[in-house]
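# Coordinates in review
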Amino acid sequence: LGRMKPVIVVHGGAGRIFKEREEGCRAGVVRAALRGYGVLKQGGSAIDAVEEAVQSMEDDPHFNAGCGSVLNEKGEVEMDAIIMDGKNLDSGAVSAVKCIANPIKLARLVMEKTKHMLLTDHGAHLFAQAMGIPEIPGEKLITERSRERWKKNLEPDSNPEEFQKDLGTVGAVAIDSKGNVACATSTGGLSNKLIGRVGDTACIGSGGYADNHSGAASTTGHGESIMKVVLARLILYHMEQGMSPEVAADTALDYMKTRVGGLGGVIVVNKAGEWAARFSTKQMSWATVKDDNLHYGIYAGEKHIKSVDEALASERE
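Residues numbered from 1 in each chain as written. Predicted model: local features only at pLDDT ≥ 70, side-chain atom pairs only at ≥ 80, totals over all residues. Heavy atoms only, no water.

In this section: the UniProt feature "active site" (unreviewed entry) in the protein. The sites that UniProt annotates as "active site" (unreviewed entry) are T169. Residue class for T169 comes out buried when judged on its relative accessible area of 3%. Setting aside residues no more than four positions away along its own chain, T169 makes contact with H11, G12, G13, N64, T185, S186, T187, T201, T219, T220 and G221. (UniProt positions renumbered as here; feature names shortened; annotations may be inferred. Buried < 20%, exposed > 50% of the residue type's maximum accessible area, 1.4 Å probe, protein only. Contact = heavy atoms within 4.5 Å.)

This part is about the sheet that holds strand β5 (residues 170-175). If you walk across this open sheet you meet the nine strands as β4-β3-β2-β6-β5-β1-β11-β12-β13, and the pairing is mixed. Sheet topology places β4 (118-120) and β13 (304-307) at the edges, where each strand pairs with a single neighbour. Taking the axes of each pair of neighbouring strands and ignoring which way they run, one obtains an average angle of 10° across the sheet. The pairing of β5 with strand β6 (residues 181-187) spans six bridges and is antiparallel. Each bridged residue has a counterpart across the sheet, and for V173 the counterpart in β6 is C183. Here helix α1 (residues 19-41) sits on the sheet and contacts β1 (7-15), β5, β11 (283-290), β12 (293-299) and β13; the angle it forms with β11, its principal contact strand, is near 25°. (Pairing = 2+ DSSP bridges. Helix = DSSP H or I, 4+ residues; strand = E, 2+ residues; numbered from the N terminus. Axes fitted to C-alpha atoms, helices over the stretch in contact; angles between N-to-C directions.)

The next subject is the pairing of β5. Along β5, six of the six residues are buried, which leaves the element largely enclosed by surrounding structure. Judged by which residues are buried, β5 turns out to be covered on both faces: V170, A172 and A174 on one side and G171, V173 and I175 on the other are all buried. Across five bridges, the pairing between β1 and β5 is antiparallel. Opposite I8, over in β5, you have A174 as the bridge partner. The turn joining β5 and β6, which pair antiparallel and follow one another in sequence, is formed by five residues; a positive phi near 90° is taken by G179.

Counted by the stated rule, this structure contains three cavities of 30 Å³ or more. Estimated volume of the second largest cavity: approximately 90 Å³. Each residue belonging to the lining of the second largest cavity can be placed in one class, and the counts come to two nonpolar, ten polar and three charged. (1 Å grid on protein atoms, 1.4 Å probe; cavity = no way out; pocket = protein on both sides within 12 Å on 5 of 7 lines; lining within 4 Å. Points joined across faces, edges and corners; volume = space filled by probe spheres on them. Nonpolar A, V, L, I, M, F, W, Y, C, P; charged D, E, K, R; others polar.)

Here R26 shows up in helix α1. Taking relative accessible area as the criterion, R26 reaches 11% and is therefore assigned buried. Of the polar contacts made by the side chain of R26, one reaches the side chain of E302; its length is 2.9 Å. Those residues within four positions of R26 in sequence are excluded, and the remaining contacts are Y296, I298, Y299, E302 and H304. (Polar contact = N/O pair within 3.5 Å; in protein donor to acceptor, adjacent residues only side chain to side chain.)

We now examine the pairing of β12. The element β12 is largely enclosed, with a buried count of five among its seven residues. Between β12 and β13, which follow one another and run antiparallel, lie four residues, and G301 among them has a positive phi close to 85°.

Cross-referencing UniProt, the feature "binding site: substrate" (unreviewed entry) maps to R197, V198, G199, D200, T220, G221, H222 and G223 in the present numbering. Within this annotated set, the second largest cavity is lined by R197, G199, D200, G221, H222 and G223. As for its position among the elements, V198 is in the loop between β6 and β7 (208-211). The exposure class assigned to V198 is partly exposed, which follows from its relative accessible area of 28%. Every residue in contact with V198, bar those within four places of it in the chain, is listed here: D80, S95 and M227. Note on placement: T220 falls in strand β8 (residues 215-221). Here T220 is in contact with H11, G13, A14, G168, T169, I226, G264, G265 and M284, once residues within four sequence places are set aside. Within the structure, the side chain of T220 is placed 2.9 Å from the backbone nitrogen of A14, a separation counted as a polar contact.

Quick look at the structure:
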């Protein structure tokens, strides 16, 4: 009685996805969605599912989070992440963290092991050590592609703004069989950003928000624009006013575009288990699993559907 059908939705970042990276991005969001759904299917919690999905994408060099993160002006990886539990509005976040593989795990520990919600830079580093999180050399997170792009952006006639078009963040939202919702978001930020720059991802209400009373959202896109309109919370506000996830997402993205000229994307699930993946950029890789069906796409209007069994079989090949 009163058991929800679990749903997970993931995104691998909004922006421009170059042709040669499309397959990898599609495969990466599909894998993350299947892993998160696996948790839910076994009766696991929404919070465990979103953490699992995001960790899967942090470990995938196709995405700007964890391994594969873009580099700051000094050529280093600095990452931000957030996680939030819709049951009691508990949240944990980290910003400007270096030398760890999975910032989302650290964010979860901040939520569960401290009285705080956000730890940054050196303090986050000390906390990670105290929690026994293995430190890895910063170079381990740097891909050839990130280094190439960083060099290109250093050239005197370069326009880093141009390169921000394929920025990304990774994120997940879920509702579990008990009707609890959760969100998680993780990113390497903007290419060639100032040292210490923190975007929307680590900010509650901007990079993500989850509340059992309405639903959960995770965002991606131009961080400074997202922060100006507190995008994730704005979407939930629209759903509280009675909008469907899709209309709420489009309304909020439209407002961000007209008000501050910002582009982005969002994934949303409401408390009834209805979901949406919407974006104002050219592309956003996304995937969702509901009723044992996998849906995924990258371009506006693109939607592939497979049964979970079929998708899992091709994963194993």
